[in-house]
Structure formats: C-alpha cells, structure tokens
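# Examining the three-dimensional arrangement
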Amino acid sequence: MGTPVHKFDVVIVGAGLAGCAAAKTAQEAGLKTVVLTKLHPLRSHSGAAQGGINAALSESDTASHEFDTVKGSDYLGDQDAIELMTREAPQTIRWLEHMGAVFSRNDDGTIAQRPFGGQSHPRACYAKDRTGLTCLQTIYEQAHRAGVQFLDEWYVGDLLYDKSSDQAYGVVAYSLKETEFAIFNAKAVMFATGGYARAFGINSNAHANTGDGLSILARHGLPLEDMEFVQFHPTGLAGSGILISEAARGEGGHLYNSENERFMEKYAPSKMELAPRDVVSRAIEKEILEGRGVGPNKDSVWLDLTHLPEEIIETRLPELRDLAITFLGRDMAKERILIRATAHYSMGGIPTDIDGRVRSGAERKVSGLYAAGECACVSIHGANRLGANSLLEAIFFGRRAGEAIVQDIGQLELREAIGTESDRLSGEVSALLRNNGPDTVHAIRTDLQQSMTRNAGVFRTRASLLEQKAYLATLRDRFSQMRVGDKSKLYNTDLQEALELGHMLDFSAFIVEGALAREESRGAHYREDFPERNDERFLQHTFGTMDPSGKIALEYTPVTLGRHTPQARTY
Amino acid sequence: MYEKREMTFRVFRFNAQSDYLPAYKRYDLTVSKEEVMLDVLNRIKWEQDPTLSYRRSCRHGICGSCGIKVNGRAIVACKENVWQLAELYGEEMVIEPQDTRLAYKDLIIDKSRFWESYRAVTPWLEGPVEEKPQKEHLIEPNYAEQIDEADHCIQCGSCFYSCPAAAVNEAYLGPAALALAYRFSTDVRDKSHANRLRAVNEPGSGIWDCVKCVECSETCPKGVEPLSKIFALHNQTFEAGVHKRNVATRHAVVFKRSIEKHGPLDEAENVRYSEGSLGALRHMREAFAMLRRGKLPLPGRVHKSHNHSEVKTLIQSASKNKF
Ligand SMILES: Cc1cc2nc3c(=O)[nH]c(=O)nc-3n(C[C@H](O)[C@H](O)[C@H](O)COP(=O)(O)OP(=O)(O)OC[C@H]3O[C@@H](n4cnc5c(N)ncnc54)[C@H](O)[C@@H]3O)c2cc1C
Ligand code: SF4
Ligand code: SF4
Ligand code: FES
C-alpha cells in the first residue's frame, strides 16, 4: 500500500507568525492552502515573545529605524530588505491592529511604544509583556477565518525536491498521533519552522525550536546562510536560560557584578544597559569569566529593578515578575534577580530573496520553494538582530512570501508525487526504531548542547571550534546507534525527539564550519583570536552546503549595501 | 540553591492502542527547589522511562501545551513549582491527564471537544480588515482595558477540564470559549456583538448553563477569570436585549433575589426555581460535588451576610436591567 498523496496549491510548514501570515494571504487569493505543524498553531513559539514589535509609527523615525537595523546587523544585513521592511513596518503593525491585536495604548488612544536596546527612539509597540501572544492569536484567528486548513501535530520530515530541475513540489510528514505517513503534494511549498537556538545548552527557546526545516533542506544539498550567527540574549534566568525580556532593561533595569559595579559603564558608557544584545552578553560573560560573577556557582550577574516603582513592574512587566518567582523564587519588585546570557535567536537560516523565494545558490532560486520567519535568512538581521525586529520580520516577510506565491502560482506546475517518495522519511524512522545501541536521545542531546555552549557560544576560538567539529563527528557516530526507548506508534514523543536531534546535529555542523572560517568578529559572532571586524575579507554572507557524507563546503556572496556605508559599530 | 528533596510520583500510564486498562506507575526522584512539574516529567522521560508521553513546548507557561492534573487539581506543568505543590500535597503526588477518560497515551488526551468549543464562538475579530491601513483605531486605555485579561488565555484547558457543568453537559461551551466570546464582544472594534451575544445566550450551550462554582477562575494560570467574563456576558445580553425568558434568565432573576434576600447564594433554591423541582434532579451530581467542597449550603440553611443591608443597596444601584 502506497503512502497517501494529498494535493494542494500551497503547503506551508509551520504555523507561527510567518506561516499563518503567508497562509492567510494565499487562501484569500483563492489558493487551496494547508498548514502542517508539529504543535497546535497557538502553541507556536511566536506566542512566547514578550517585549515588543518595532515600527516607526511617527514618519520622522523611519530613517533611523532603518539605520539602527543596519548598524545593529554590523553591516551584514542586506540594505534593500531592511529599507523595505522598516518603511512598511507601520502599516504592518496597523494591519495587525485592524485584525484585532490588543496593543497597549497611549492616553490619546494611539498604540504605545517603548524603548528597546540598540534603538535611537522608543519604537517597540507592545501588549504588556505578551506581545507575541496577541500577534500570534490575531494572525491565526484571521487565517482560520479565511478558511486555511490547519493540520496540527503533523511532523514534517522531508522535502520533495528534484535537483535536476531545481523544483520543490511537496513535503513528507507523519501524524504524531498514529505515526501515519502522508505526502503533501503542492505547486508551492513554504517553510516557516522557526529558530534553532535549542542546539545550545543554555537557551531561551521552546522545546520545539529544533531547526528541523533547515536540515530538511540542507539534506537535499540546498544551502544555508550565515548559520554562525546566533544571538545570545543578555538576560536569561540563571539555570534555565528562560528569557527575561529586554523590556526589563527598557523599563530601566540595571546590571551589577559581585563588586556591586554597574559594569556596563566599562563596555558601553553611553548606552549602558541598552546597548545591543551582543555587547551586553559579552560584557556579562566577561564579568563571569573574570571572576566577578554572583550566585552559588558565580556564573551569573544581578539584574536590578528594585529602584522602579512596584506599580511599573506590575503594569508593564507582570509576566516577567511571575517568571522570576516561578523559576528562581525571587520577586523582582523586591530583590535583584540572577541572570546570564542565553542562546536566543537564529540570524542565519534558509537563504531567500526579499519575496521569500528560496535560493539554491548565490544567483539561483528554487522553483516553488519559499521560506520566511526565523528559519529564513533574508538577511534583515545580518550578524545581530535588534530586539523587536523579528516579530516584524516574521509577519512582514511571511505575508510577502504569501504574496509571492500568489504571484508565481500561475507559472508553477504541479509535479505529481508518487507514494514511494515517503520512503526516505519512513526509512529514517524505522532505522531509529530498530537501533539498540547504548546511548539515549537525552544523553546525546545534552552532550551536543553543552559542547555547543562551551565551544561555539558567546566566545569562540579556532581551537574551540576545531574541538567542536571533531566532537560533532563522534556525536554523529553515537547517534547512528542510538536507542529510541519507545517502540510504540501512538504519540511516540521519544521518536520525535530523536528525529529532532538528528536535525540539530546536522545544522550544528553548519554553525561550527561557518564560525571556524569566519576569522573576524562581527555582531554576535565573536572570535577571541580575531577580535576585530574585517570588512575586506568578510563583509560577505556565508553559504554552506552539505554533501551526502555530511561534509560542508562554504562559499561567500556579497552583502547588498545601500546608503549606509560600514562604520565602526560603537555604542 | 543546593537543597534537594526525595519525592515520589505516581503517574497515569496508558496506551489506547495496546492497553485495556490504565496503570499508575511509581517514579522516585530527588527534586531541587527551582524545579517545576515539567522538569519532573522531563526527568522521568529522559532519565528513567523514555516511553512516558506528554505535550510540552515553551516551558514557561505561555504556549498552553502542558496542562495536566496533580492530585486532581488542574495545573500547567511548567508553571508550577514542585516544592510549592509539596506544601499542599506532601512528598507523594499523583500525576494524571486533564481527563483520564480521554487519554490516548499517558498524559496526552483527545482535546477535540475543547477545540470544537473554541471554534464555536467565532474566534476572530469580525469586520473589514484594511490591508494597508495608514492609521490604527484610536482606543483609549480604559476601553482597551475592558477586555480585562480575556486575551491572555493560552488555551491550556485547565478550566475546561475542571468545570463541573462541562463534565455533565456535552453541549456546554465551557469557560475558556465563553471567556473568548467575551474577549470579542467587549472589543470596540468588533462588528458582530449582537450575533455573539445571541450565540452565547443559547440554553444548553451558553452562559446560563454555568453553575457558578468558581472552579475555572480558581484554576486559571493566567488570571483570565472566566467566571467574571460569564457574569459580564449575562449583563451584556440583558443590555443588548437579546436574552429570552427561559430557564437561564429565570436563573438570573432568582440569583438576584437570593442575594437580595440572604447575601450569599441559595444555590439549591436557584436551581429549583429556574428549572422546576424535576429539572433540579438533573443537577444532583454537581450538587453533591459542590456540597463536598463546601460550596453549597444545605437547602434552607443559607446564612445571611453580615452586611446584608449593604448588599441590598448595592444590588439596587447595580441593577441596570429590569428583570
Ligand atoms: C522567549 C522569546 C522571546 C522573544 N521576544 C521577542 C520580542 O519581544 N520581539 C521580537 O520581535 N521577537 C522576539 N522573539 C523572537 C520571535 O518570537 C521569533 O523570531 C518569531 O516569533 C519566529 O516566528 P516564526 O513564525 O518564524 O516561527 P515560530 O513561531 O517558532 O513557529 C514555528 C512553527 O513551525 C512548526 N514546526 C517546526 N518544525 C516543524 C516540523 N518539523 N514539522 C511541522 N511543523 C514544524 C512549529 O510547530 C511552529 O508552528 C522572542 C523569542 C523568544 C524565544
Ligand atoms: S464557574 Fe461556571 S464555567 Fe466556571 S467552572 Fe464553574 S460551572 Fe464551569
Ligand atoms: S481561561 Fe485560563 S485556564 Fe482556561 S484555557 Fe484559558 S488560560 Fe487556561
Ligand atoms: S510547556 Fe508551554 S505552557 Fe507549559
């Protein structure tokens, strides 16, 4: 019996902001659209965003939103994309507002905005400290209203892609409930699978953020861009890494070391705590490395909000206060809390043009394949994302990818899929269920995460990266024998974690190779052995491709510059 | 930070494909002070028994995946500190799915009825959406605030699977969906208030089938307080004039009368007046559950409030609607 083949105009993988925005757009244009997601749409990680979403709501601010983003990206962001997104940000936010997003308001009824790190004006629109939740609810509600078909708890594990014609024509997935395979055959395929920071030991991400989409494409020899750029957010809760949003610093939080020094004075005297994330994260890790950490293991620093009126904390940061109470047992209105840098956001990903069309090389594009959101690399964020720019990116480029699909669909032909094309994924699943080696999923994943934090984290060197490269090879060996303890077919979450781990091992290799070759420091990528930015050699995007043996080859492609010429990035 | 505690967890285990009956399996764990219930589940799965299945994603109480029950109480596992639970329940706890009758595998249940209720309340803002708006709607903070946290719902289902009315009445929409209906019927931008109110006003499924036990508001991890939204919907239906004279509205009338007369509610008399004595028999199961929890005084034994005269004045001044 062959695997069932379901036919659609458009199949979208992922139901966060990017996937829902695209699906709504495609469905409303009359295309038969299905969204596959391993979680219920409302459980997507977009809902976890706390702090805000940027838009220059006052006309006069647009140019500086653009400049702040370019500068924040350490000039690796593509300026055509940045110019476009920042110009259209206000109408994007107002579109969300018209669809129902519950933004916090000023007294005159306009949308309120707050300051955020690395920004010259307060331009982060917010909904208390649950901005992502209202954005996700709204966009899902309206996609649902438009009649998009959502299939939740379906795990997508493979792409249907014909290399010779460079065409994508569907995906292979299985239902998490009963482990039943199905092929979703479509004219247009879009990935919106979110971020990959779960590869690190201390991270702020949901369990689901395992970057599956990236390696699904990479296993077909498609490139990944700028994977070495992973943002470490300065304020993760000690221990769990769970995020205390930038809003805490935006509202006036201060950082102190064990000597009670407001140490940001040394690193960014003018912006202080509101310097961009990479600068603050390095400052925190440096303080810890040099022995001025606090807490039982001396591996964190203090975040102090106690000088703020309790009312501000209660009205603007209630969620954050709750988090610190649950995970640290500390009330930030009354005492300082322990924080440390946490892997947070993935700048790199699936290379796309400004319409979400996926590139198969510097000059080529895959026919019928699109991507947007955190899994994509347009590139807006370059070497470092500005806070509150990524919700905007996911919605804006998600919608744009939807529009591109509508535009292209007339020229796209449905390449018929056949039932046996699910064999690769079902083979991967049976191998995992068959193996009976000594290692568990958890053991290998923990070793991967800890080693990535140690060797490819905030500070990197040639030696640490070489060590990590060799270590990844041993992890991959162990993985090939790993035992999945659950052999059942009903909600086999152990199997799902195993598949996800396989993806994490694959894309981690791109992070390490990219970081090793990039002998400079730029944005979130910091090489202790090459502490300066080197525009002559590296004002370029990394394109990595993987061959069937797992070996990765790198190429470089030029950054799209514009009116902002690279300057030193100081704050 | 180094304090540890030995604890025992008895976990509901079941596979609907292969098991005839569920079993409770025991796991012993050393738990530190910072750990939440989801850490316990993860550690059982990762360190002791990889077959244990449960839903989870965000791990900080915002995605709504990890709803379970501990000693019968609905919680969101990643939001509940284990030591704090131990204060209530001691060092041995029973972990179950939100509704054992709906279990597929271990803690994963069939939530289709919950999502059907969600879909039944037209869960989106109705009205035209301008594609490229140059201006937002102007909504002053006090209007925006009227939504009153109803938009904070993460669809965890804690309330729904604790609601006695939903448990006995298949048609009842339940607290989360009704809170969502309120979220839209209170949004000044929504163009469909009257339809929404008519929909939640239906006897059997709507706001009048709530027995006001407060369970939902007590269990909600996000401060949505569904019951307060249900009350507000009662008022909105009267204000909009969409209420019909039925069991339900009679219930509202007697509700008011009871408070005027005694202060506290005479729940038993309410049901008798609204549904007639025979109708009241249908609610015996809920009644016994409420009696056990001390939420229902025996008929005829309703105490008067201390400030009963004040309550009366309050009612008179708050009654905007003629019953
Ligand atoms: C704690 C936290 C706070 C944040 N705060 C902010 C903020 O204040 N401002 C801001 O701008 N940004 C913030 N961000 C970043 C922002 O939330 C994300 O970049 C953005 O929401 C990503 O949206 P997305 O649509 O790309 O992906 P997601 O919302 O992550 O959605 C991914 C989707 O893909 C699905 N999926 C993944 N893999 C598969 C598979 N194999 N098969 C099927 N489905 C799959 C998932 O089920 C999910 O539906 C924050 C991030 C975190 C972690
Ligand atoms: S108050 Fe009403 S909705 Fe809430 S749990 Fe009780 S019966 Fe259910
Ligand atoms: S109202 Fe509260 S308890 Fe009910 S589903 Fe929503 S968040 Fe959960
Ligand atoms: S895992 Fe998201 S609410 Fe618990």
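Calculation notes
Residues numbered from 1 in each chain as written. Chains lettered and ligands numbered in written order. Predicted model: local features only at pLDDT ≥ 70, side-chain atom pairs only at ≥ 80, totals over all residues. Heavy atoms only, no water. Helix = DSSP H or I, 4+ residues; strand = E, 2+ residues; numbered from the N terminus. Rg over C-alpha atoms; globule rule 2.2 N^0.38 Å. Buried < 20%, exposed > 50% of the residue type's maximum accessible area, 1.4 Å probe, protein only. Contact = heavy atoms within 4.5 Å. Areas by Shrake-Rupley, 256 points an atom, 1.4 Å probe, with all protein chains shown as cover. Lys, Arg positive; Asp, Glu negative; His and termini not counted. Charge placed at Lys NZ, Arg CZ, Asp CG, Glu CD. Salt bridge = Lys/Arg side-chain N within 4 Å of Asp/Glu carboxyl O. Buried area = accessible area lost by both parts, 1.4 Å probe. Polar contact = N/O pair within 3.5 Å; in protein donor to acceptor, adjacent residues only side chain to side chain. Nonpolar A, V, L, I, M, F, W, Y, C, P; charged D, E, K, R; others polar. Near = heavy atom within 4 Å. Pairing = 2+ DSSP bridges. Axes fitted to C-alpha atoms, helices over the stretch in contact; angles between N-to-C directions. Core = buried A, V, L, I, M, F, W, Y, C linked by side-chain atoms within 4.5 Å. Phe/Tyr/Trp six-rings, centres within 6.5 Å; stacked < 30°, edge-to-face > 60°. Parallel < 35°, antiparallel > 145°, perpendicular 65-115°, else oblique. Left-handed = near helix turned anticlockwise from the far one by under 90°. Expected span 1.5 Å × (residues − 1).

## Some remarks on the overall build of chain A
Along its length, chain A carries 16 helices and 20 strands. Rg of the C-alpha trace for chain A: 22 Å, near the compact-globule value of 25 Å for 571 residues, within the 12% margin. A total of 571 residues make up chain A; the buried ones form 69% of that total. Residue pairs at least 24 apart in sequence account for 74% of intrachain contacts in chain A once pairs closer than 6 positions are excluded. About 17700 Å² of surface is accessible on chain A, with carbon and sulfur atoms providing 49% of the total. Across chain A, the mean location of the 62 positive side-chain charges is 1 Å away from that of the 77 negative side-chain charges.

## Looking at the overall build of chain B
Across its full length, chain B holds 13 helices and seven strands. Long-range pairs, those at least 24 residues apart, make up 66% of the contacts in chain B between residues at least 6 apart in sequence.

## Regarding the pattern of salt bridges
Residues and elements named next belong to chain A. Evaluated as defined, the whole model comprises 77 salt bridges over all chains. Arg123 is the partner of Asp68 in a salt bridge, and the nearest nitrogen-oxygen pair spans 3.1 Å. One end of the pair, Asp68, is in helix α2 (residues 62-72); the other, Arg123, is in the loop between β4 (113-114) and β5 (124-125), with 55 residues separating them in the sequence. Connected through salt bridges with shared partners, the residues Asp74, Glu228, Asp278, Arg282, Arg518, Glu520, Arg522, Arg533, Asp535 and Arg569 form a single ionic network.

## Here we look at the interface of chain B and chain A
Taken together, the contact between chain B and chain A spans 69 residues of the former and 69 residues of the latter. Here chain B packs against chain A, burying approximately 6200 Å² in sum over the two surfaces, 50% of which is carbon and sulfur. Three residues, Trp46, Arg59 and Glu136 of chain B, lead the burial of chain B against chain A; their summed loss comes to 12% of the area buried on that side. Between the two partners, chain B and chain A, sit eleven salt bridges. Across the salt bridge formed by Arg189 of chain B and Glu97 of chain A, the nearest N and O atoms sit 3.0 Å from each other. Linking chain B with chain A are 44 residue pairs in polar contact (both at pLDDT 80 or more), by the criterion used here. Those elements that place two or more of their residues in the side of chain B that touches chain A are α1 (37-48), β6 (103-105), α3 (112-120), α4 (141-144) and α6 (175-185) of chain B. Counting residues per element, the side of chain B that touches chain A draws most heavily on α1 of chain B, which supplies four residues. Its residues assigned to classes, the side of chain B that touches chain A comprises 30 nonpolar, 16 polar and 23 charged.

## Focus: the site of ligand 3
Ligand 3 sits among Cys153, Ile154, Gln155, Cys156, Gly157, Ser158, Cys159, Ala176, Cys220, Pro221, Val224 and Pro226 of chain B. Looking at the shell around ligand 3 residue by residue, the class counts come to nine nonpolar, three polar and no charged.

## Topic: the sheet that holds β5 of chain A
Residue and element names in this part refer to chain A. The three strands lie next to each other as β3-β5-β4, forming an open sheet whose pairing is antiparallel. With partners counted over all chains shown, the strands left at the sheet margins are β3 (53-54) and β4, one partner each. Pairing geometry for β4 and β5, over two bridges, is antiparallel. Residue pairing for β5: Arg114 is matched across the bridge by Ala124.

## Brief notes about the sheet that holds strand β1 (residues 4-13) of chain B
Residues and elements named next belong to chain B. A sheet is described by the order of its strands in space; here five strands give the open sequence β2-β1-β5-β3-β4, paired in mixed fashion. Of all strands in the sheet, those with a lone pairing partner are β2 (23-32) and β4 (73-76), marking the two edges. Averaged over neighbouring strand pairs, the angle between their axes works out to 35° when direction is ignored. Pairing geometry for β1 and β2, over ten bridges, is antiparallel. The residue of β2 that forms the bridge with Lys4 is Ser32. Helix α2 (residues 82-89) rests against β1, β2, β3 (67-70), β4 and β5 (92-96) of the sheet, and its axis sits at about 80° to β1.

## Quick word on the pairing of β4 of chain B
Residues and elements named next belong to chain B. Taken together, the four bridges between β3 and β4 define a ladder with antiparallel strand orientation. Paired with Gly67 across the bridge in β4 is Val76. Hairpin geometry of β3 and β4 is characterised by an intervening segment of two residues between the two adjacent antiparallel strands and by a positive phi of about 45° at Asn71.

## Quick notes on the nonpolar core
Residues and elements named next belong to chain A. If you look at the biggest cluster of nonpolar residues, it comprises 99 residues, and the most contacted ones within it are Ile53 and Met190. If we skip the residues at most four places from it in the chain, Met190 touches Val11, Ile12, Val13, Ala18, Ala22, Tyr370, Ala371, Ala372, Gly398, Ala401 and Ile405. Phe181, Phe200, Ala417 and Leu490 belong to the second largest nonpolar core, which has 83 residues in total.

## Points about the packing of aromatic side chains
Residue and element names in this part refer to chain A. Considering all chains together, one arrives at 20 aromatic pairs over all chains under this definition. Each ring, one from Phe200 and one from Phe232, has its centre 5.5 Å from the other, and the planes form 90°; the classification is edge-to-face. One end of the pair, Phe200, is in the loop between β9 (181-191) and α5 (212-218); the other, Phe232, is in strand β11 (residues 230-237), with 32 residues separating them in the sequence. For Phe232, a relative accessible area of 7% puts it in the buried group.

## Considering the packing of α2 of chain A against helix α3 (residues 79-99) of chain A
Working note: a packed helix pair is described by the angle between its axes plus the distance between those axes. Residue and element names in this part refer to chain A. Packing of α2 against α3 brings their axes to within 9 Å, and their N-to-C directions diverge by 140°. The orientation of α2 relative to α3 falls into the category oblique. Seen from above, α2 lies across α3 with right-handed handedness. Along its contact with α2, which presents Thr62, His65, Glu66, Thr69 and Val70, the element α3 presents Gln79, Ile82, Glu83, Thr86, Arg87 and Ala89.

## Examining the site of ligand 2
Residues and elements named next belong to chain B. In the vicinity of ligand 2 lie 14 residues, with Cys163, Tyr172, Cys210, Cys213 and Cys216 positioned nearest. Looking at the shell around ligand 2, the elements with two or more residues in it are α5 (164-168), α8 (215-219) and α9 (226-240). When its residues are assigned to classes, the shell around ligand 2 shows twelve nonpolar, no polar and two charged.

## A look at the pairing of β3 of chain B
Working note: regular strand, side chains alternate between the two faces of the sheet. Residue and element names in this part refer to chain B. Here β3 shows a buried face lined by Gly67 and Lys69 and a second buried face lined by Ile68 and Val70. Relative to β5, β3 is paired through two bridges, and the arrangement is antiparallel. The residue of β5 that forms the bridge with Lys69 is Glu96.

## Concerning the side chain of Arg569 of chain A
Residues and elements named next belong to chain A. Secondary-structure assignment places Arg569 in the segment after β20 (552-558). Accessibility expressed as a relative area gives 16% for Arg569, which makes it buried. Residues contacting Arg569, with those up to four places away along its chain left out, are Lys71, Gly72, Asp74, Pro276, Asp278, Asn384, Gly523 and Arg533.

## Digging into α9 of chain B
All names here are of chain B. For α9, spanning 15 residues, the distance from its first C-alpha to its last is 21 Å, which sits close to the expected 21 Å at 1.5 Å a residue. Among the residues of α9, Pro226, Leu227, Lys229, Ile230, Leu233, His234, Gln236, Thr237 and Phe238 are the ones counted as buried. Just past α9, the residue Gly241 takes up positive phi, approximately 70°.

## Digging into the packing of helix α1 (residues 17-28) of chain A against helix α11 (residues 390-408) of chain A
All names here are of chain A. Where α1 contacts α11, the axes come no closer than 7 Å and their chain directions differ by 30°. In terms of axis orientation, α1 runs roughly parallel to α11. Seen from above, α1 lies across α11 with right-handed handedness. On the side of α1, the interface is formed by Leu17, Ala18, Ala21, Ala22, Thr25 and Ala26, while α11 contributes Leu391, Ala394, Ile395, Gly398, Arg399, Gly402, Glu403 and Val406. Residue classes in the contact of α1 with α11 are distributed as nine nonpolar, three polar and two charged.

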